[in-house]
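Reading the structure
Here is how the chains run, residue by residue.
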Amino acid sequence: MNFAEIDQKMMRRCVELAAIAASQREMPFSCVICRDGEIVAEAVNRVVQDGDVTRHAELLAISEAQRVLGQKDLSDCTIYSSVEPCAMCSFPIRETRIGRVVYAISSPMMGGFSKWNVLSDNELSNVMPEAFGGIPEVTAGLLYREAAAVWRAWNLVIWLAIRFRGCLTEASKEETYRSVQVRSSRRQGWLRRMLGSHFQRVAGVLRRDAG
Ligand SMILES: [Zn+2]
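Residues numbered from 1 in each chain as written. Predicted model: local features only at pLDDT ≥ 70, side-chain atom pairs only at ≥ 80, totals over all residues.

1. Some remarks on the overall build of the protein
Assigned secondary structure in the protein consists of nine helices and five strands. Its C-alpha atoms give the protein principal-axis dimensions of roughly 55 × 35 × 35 Å. Counting all 211 residues of the protein, 42% fall into the buried class. When contacts within the protein are restricted to residue pairs at least 6 apart in sequence, long-range pairs at least 24 apart make up 61% of them. (Helix = DSSP H or I, 4+ residues; strand = E, 2+ residues; numbered from the N terminus. Buried ≥ 20, exposed ≤ 12 C-beta atoms within 10 Å, placed from the backbone. Contact = placed C-beta atoms within 7 Å.)

Here it is, written out as structure tokens:
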């Protein structure tokens, strides 16, 4: 299976999970984390069930992926989200160094890419390479129609209100263009990433010595 086929397969699973979330009275937010074409972790929002606004699908899946793999570093993983990760979820994406972010529906009010410059902020990793990974590759708009259909089926009135206010949309041309730019600047960032992993090792040694 090539990369494009893996992307399709993983996002289809994500759309399926979004429908499962809706059947559990959650909003249709879902997330899959994959490595080498295999699912490492998957989650749906648990905000309603747990009565906790921090229980976003991405945060749950990132925690699970770290537990399953026994490490904080998820740099060889891709995260798939039914909706663009919000700013809150985008920070741990940077901290775990997830290499790729793929989403279906854009979130121009809350998104960590289209609204807030968290996923594509080079300064984070340039200044604190020991804490933050280089900017991930971003692919916006994969299976938008399928993901949007789940939202429509979940609650047509609320979906129309969300769309009318521009809270969730199809990826804009500007957003798609920026994601392509991010991919090319990422390719130029190999030296910084190498230095980053060096700093990480040094920081690890210092922590061990201090302990
Ligand atoms: Zn979030």
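Moving on from the coordinates now.
2. Re unusual backbone geometry
Of note in this structure, Arg 25 is not a glycine but carries a positive phi near 65°. Residue placement: Arg 25 occurs in the loop between helix H1 (3-23) and strand E1 (30-35). Overall, Arg 25 belongs to the exposed group, with 9 C-beta atoms counted inside 10 Å.

3. Points about the pairing of strand E4 (residues 100-105)
In terms of burial, E4 is largely enclosed, as six of its six residues are buried. The sheet contact formed by strand E3 (residues 77-83) and E4 spans five bridges and is parallel. The partner of Tyr 80 across the bridge, within E4, is Val 102. At this point the chain moves from E3, through helix H4 (residues 87-95), to the parallel E4, and the crossover so formed is right-handed. In this sheet, strand E5 (residues 137-140) lies alongside E4 in parallel orientation, the contact comprising four bridges. (Pairing = 2+ DSSP bridges. Right-handed = clockwise from strand over helix to strand, strands pointing away.)

4. Some details on the sheet that holds E3
In space, the five strands of this open sheet follow the order E2-E1-E3-E4-E5, with mixed pairing throughout. Each edge of the open sheet carries a strand with a single partner, namely strand E2 (38-44) and E5. Averaged over neighbouring strand pairs, the angle between their axes works out to 15° when direction is ignored. The strands touched by H1 are E1, E2, E3 and E4; relative to E1, the strand with the most contacts, the crossing angle is about 150°. Helix-sheet contacts for helix H3 (residues 57-69) involve E1, E2 and E3, and the interaxial angle to E2 is about 145°. (Axes fitted to C-alpha atoms, helices over the stretch in contact; angles between N-to-C directions.)

5. A short note on the packing of H1 against helix H6 (residues 144-154)
A pair of packed helices is characterised by two quantities: the angle between their axes and the separation of those axes. The geometry of H1 relative to H6 is characterised by a closest axis approach of 9 Å and an angle of 10° between their N-to-C directions. Regarding the angle of H1 to H6, the classification is roughly parallel. Across the interface between the two elements, Val 15, Ala 18, Ala 19 and Ala 22 of H1 pack against Glu 146, Ala 147, Val 150 and Trp 154 of H6. Residue classes in the contact of H1 with H6 are distributed as seven nonpolar, no polar and one charged. (Parallel < 35°, antiparallel > 145°, perpendicular 65-115°, else oblique. Nonpolar A, V, L, I, M, F, W, Y, C, P; charged D, E, K, R; others polar.)

6. What to know about the environment of Glu 170
With respect to the secondary-structure elements, Glu 170 resides in the loop between helix H7 (156-164) and helix H8 (173-187). Sequence separation between Glu 170 and Ile 105 is 65 residues, and the spatial gap between their C-alpha atoms is 5.7 Å. The residues touching Glu 170, leaving out its near neighbours within four places in the chain, are Ser 106, Gly 141 and Tyr 144.

7. Here we look at the nonpolar core
By size, the foremost hydrophobic cluster in this structure holds 53 residues, and its most contacted members are Ile 33 and Ala 61. Top contributing element to this core by residue count: H1, with eight residues. Not counting the four nearest positions on each side in its chain, Ala 61 is found in contact with Cys 31, Val 32, Ile 33, Ala 41, Glu 42 and Ala 43. (Core = buried A, V, L, I, M, F, W, Y, C linked by C-beta atoms within 7 Å.)

8. Thoughts on the environment of Val 202
By the element assignment, Val 202 lies in helix H9 (residues 190-210). Looking at Val 202, the number of C-beta atoms within 10 Å reads 11, which means it is exposed. Residues Val 202 and Val 53, 149 residues apart in the sequence, show an inter-C-alpha distance of 36 Å.

Function cannot be read off these values alone, since they describe shape.
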